[in-house]
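# Secondary and tertiary structure notes
Each chain is listed here by its residues.
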Amino acid sequence: MAPRKIIIDTDPGQDDAVAILLALASPEDVELLGITAVAGNVPLALTQKNARMVCELAGRSDVPVFAGCDRPLARPLVTAEHVHGKTGLDGPPLPDPTMPLQDAHAVDFLIDTLRREPAGSVTLCPIGPLTNIATAFARAPDIAPRVAEIVLMGGAYFEVGNTTPAAEFNIHVDPQAADAVFRSGVKLTVMPLDVTHKALTTHKRVAAFRNLGTPVGEATAGWMDFFERYDSEKYGHEGAPLHDPCTIAWLIRPELFSGRHVNVEIETHSELTMGMTVADWWGVTDRPKNALFMGDIDADGFFALLTERIARL
Ligand code: RIB
Ligand code: CA
């Protein structure tokens, strides 16, 4: 089967970086058409720079990287330097990028690509706030029906929020954008904290990357070491949830995951629950089942896939 054409929309972020590496290491499964950066973990100036640094670490300065929206649709930007460090990619020292940032705006790249490629042939993989995606859909309503699928990292239900008691970071940063995407009618596969919190970077799993003995393996282990210091303190157990690579792993080995088709709607009114992904898990309403909401993962299989693929870079 031909590799799936994808665009990764991202706010690197150490876990975003590992997701990008997994995609670049899997050409038989995914063809990465481009990377669109969005403000999230850190401001846009850093997320677009970090995306280029990751591409160059993988020896892929040919991948076009675009800068997108620098703030949410309607709310002030909330960032997460306390999790990801001042640069957003703290941990292993990496050289500044030399590859150019594309001139075009990320939203224009999303619109132009979806109009150019055959309908139903491009999958969007947003792993940060959904501002770019929602802006593209608002500016060009014709493109939403042309999207094959959106496979996103975001939300939480049984696992509750990591940014407020009710909301996960990506959705919390831009609830209006998330609402637009969840109402868009596009086929949605959602990797919420319910599943990503089961993908923990234990010391044994991190050592497997370091033992690859490659610059990419070392960088990956270094990111995980840095990323873990905050989450292990917060959650009181070894390891940190490796959120974003779950989206790419789904495209490569969907059998690693299980979930349920349910209705998911976004809270956009109450400040108390702003950005909550309200999943009708037990089907108590007749609201449309708009999302495949993941709940479980074969974590050993996930990390085996990650290690095997990243060893290729
Ligand atoms: O809540 C986790 C999500 O927020 C991940 O995508 C992480 O990179 C941050 O963007
Ligand atoms: Ca992210």
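What you are looking at is a predicted structure, and each value in this text was computed from that prediction instead of being measured.

Within the protein chain, the secondary structure is distributed over 12 helices and 10 strands. For a compact globule of 313 residues, the expected C-alpha radius of gyration is about 20 Å, and the protein chain comes in at 18 Å, within 12% of that figure. The C-alpha extent of the protein chain, read off along each of the three principal axes, is 55 × 45 × 40 Å. Here the contacts in the protein chain between residues at least 6 apart in sequence split such that 83% fall between residues at least 24 apart. Taking the average location of the 26 positive side-chain charges in the protein chain and that of its 41 negative ones, the two points are 3 Å from each other.

Within the protein, the calcium ion (ligand 2) binds to Asp11 (OD), Asp16 (OD), Asp16 (OD), Ile127 (O) and Asp244 (OD); these donor distances fall in the range 2.2 to 2.6 Å. Summarised as a motif, the one-chain spacing of the donors to the calcium ion (ligand 2) is D-x4-D-x110-I-x116-D. Pair noted here: aspartate 16 is in helix α1 (residues 14–24) and isoleucine 127 is in the loop between β4 (122–126) and α5 (131–139), with a separation of 111 residues, a long-range link. Relative accessible area serves as the criterion here: at 1%, isoleucine 127 is assigned to the buried category.

Where helix α11 (residues 245–252) contacts helix α12 (residues 299–310), the two axes come as close as 11 Å, and the packing angle between them is 90°. Accordingly, the angle class assigned to the pair α11 and α12 is roughly perpendicular. Residues Pro245, Cys246, Ala249 and Ile252 of α11 touch α12, and the partners they reach there are Phe302, Leu305, Leu306 and Arg309. A breakdown of the residues in the contact of α11 with α12 according to their chemical character gives seven nonpolar, no polar and one charged.

Our focus in this paragraph is the site of ligand 1. Around ligand 1 lies a shell of 13 residues, among which Asp15, Asp16, Glu168, Asn170 and Asp244 are the nearest. Asparagine 162 is positioned such that a nitrogen or oxygen atom in its side chain is 2.9 Å from an oxygen atom of ligand 1. Surface burial for ligand 1 is 97%, taken as the share of its 270 Å² of free accessible area covered by protein chains. Taken atom by atom, the bulk of ligand 1 overlaps the largest pocket. At the level of secondary structure, the elements contributing two or more residues to the shell around ligand 1 comprise α1 and α6 (169–173). Of the residues assigned to the shell around ligand 1, the class counts are three nonpolar, five polar and five charged.

Once that is clear, we can look at the packing of aromatic side chains. Tallied over the full model, the rule gives six aromatic pairs. A ring pair is formed by tyrosine 157 and phenylalanine 158, whose centres lie 5.2 Å apart and whose planes are at 75°; its orientation type is edge-to-face. On the basis of an interplanar angle of 80° and a centroid distance of 5.2 Å, the ring pair of phenylalanine 302 and phenylalanine 303 is categorised as edge-to-face. Accessibility assignment for this pair places phenylalanine 302 and phenylalanine 303 in one class, buried. Members of the aromatic cluster, joined through ring pairs, are Tyr157, Phe158, Trp281 and Phe293. Taking the ring centre of phenylalanine 226 as reference, the NZ or CZ of arginine 229 above it sits at 3.9 Å.

For the rest of this paragraph, the subject is the sheet that holds strand β1 (residues 4–10). Pairing between sheet strands relies on hydrogen bonds along the backbone, with the strands arranged either parallel or antiparallel. As summarised here, the arrangement of the eight strands in space is β3-β2-β1-β4-β5-β6-β10-β7, forming an open sheet in which the pairing is mixed. Only two strands of the sheet have a single partner each, and these edge strands are β3 (65–67) and β7 (257–262). Ignoring which end each strand starts from, the neighbouring axes of this sheet average 25° apart. Sheet analysis places β1 next to β4, joined by five bridges and oriented parallel. Opposite isoleucine 6, over in β4, you have threonine 123 as the bridge partner.

Attention now moves to the layout of surface pockets. In this structure, the largest pocket spans a volume of roughly 300 Å³. Along the walls of the largest pocket sit 27 residues, with Val83, His84, Asn162, Phe169 and His243 positioned nearest its centre. Listed by contribution, the elements that provide at least two residues to the lining of the largest pocket are α1, α3 (81–84), α6 and α10 (215–235). For the lining of the largest pocket, the element with the most residues is α10, which contributes five residues. Its residues assigned to classes, the lining of the largest pocket shows 11 nonpolar, nine polar and seven charged.

Procedures and definitions
- Residues numbered from 1 in each chain as written.
- Chains lettered and ligands numbered in written order.
- Predicted model: local features only at pLDDT ≥ 70, side-chain atom pairs only at ≥ 80, totals over all residues.
- Heavy atoms only, no water.
- Helix = DSSP H or I, 4+ residues; strand = E, 2+ residues; numbered from the N terminus.
- Rg over C-alpha atoms; globule rule 2.2 N^0.38 Å.
- Contact = heavy atoms within 4.5 Å.
- Lys, Arg positive; Asp, Glu negative; His and termini not counted.
- Charge placed at Lys NZ, Arg CZ, Asp CG, Glu CD.
- Donors = N, O, S within 2.8 Å, 3.2 Å for Na, K, Ca; no water.
- Buried < 20%, exposed > 50% of the residue type's maximum accessible area, 1.4 Å probe, protein only.
- Axes fitted to C-alpha atoms, helices over the stretch in contact; angles between N-to-C directions.
- Parallel < 35°, antiparallel > 145°, perpendicular 65-115°, else oblique.
- Nonpolar A, V, L, I, M, F, W, Y, C, P; charged D, E, K, R; others polar.
- Near = heavy atom within 4 Å.
- Polar contact = N/O pair within 3.5 Å; in protein donor to acceptor, adjacent residues only side chain to side chain.
- Areas by Shrake-Rupley, 256 points an atom, 1.4 Å probe, with all protein chains shown as cover.
- 1 Å grid on protein atoms, 1.4 Å probe; cavity = no way out; pocket = protein on both sides within 12 Å on 5 of 7 lines; lining within 4 Å.
- Sits in = over half its atoms within 2 Å of the grid points.
- Phe/Tyr/Trp six-rings, centres within 6.5 Å; stacked < 30°, edge-to-face > 60°.
- Lys NZ or Arg CZ within 6 Å of the ring centre and 35° of its normal.
- Pairing = 2+ DSSP bridges.
- Points joined across faces, edges and corners; volume = space filled by probe spheres on them.

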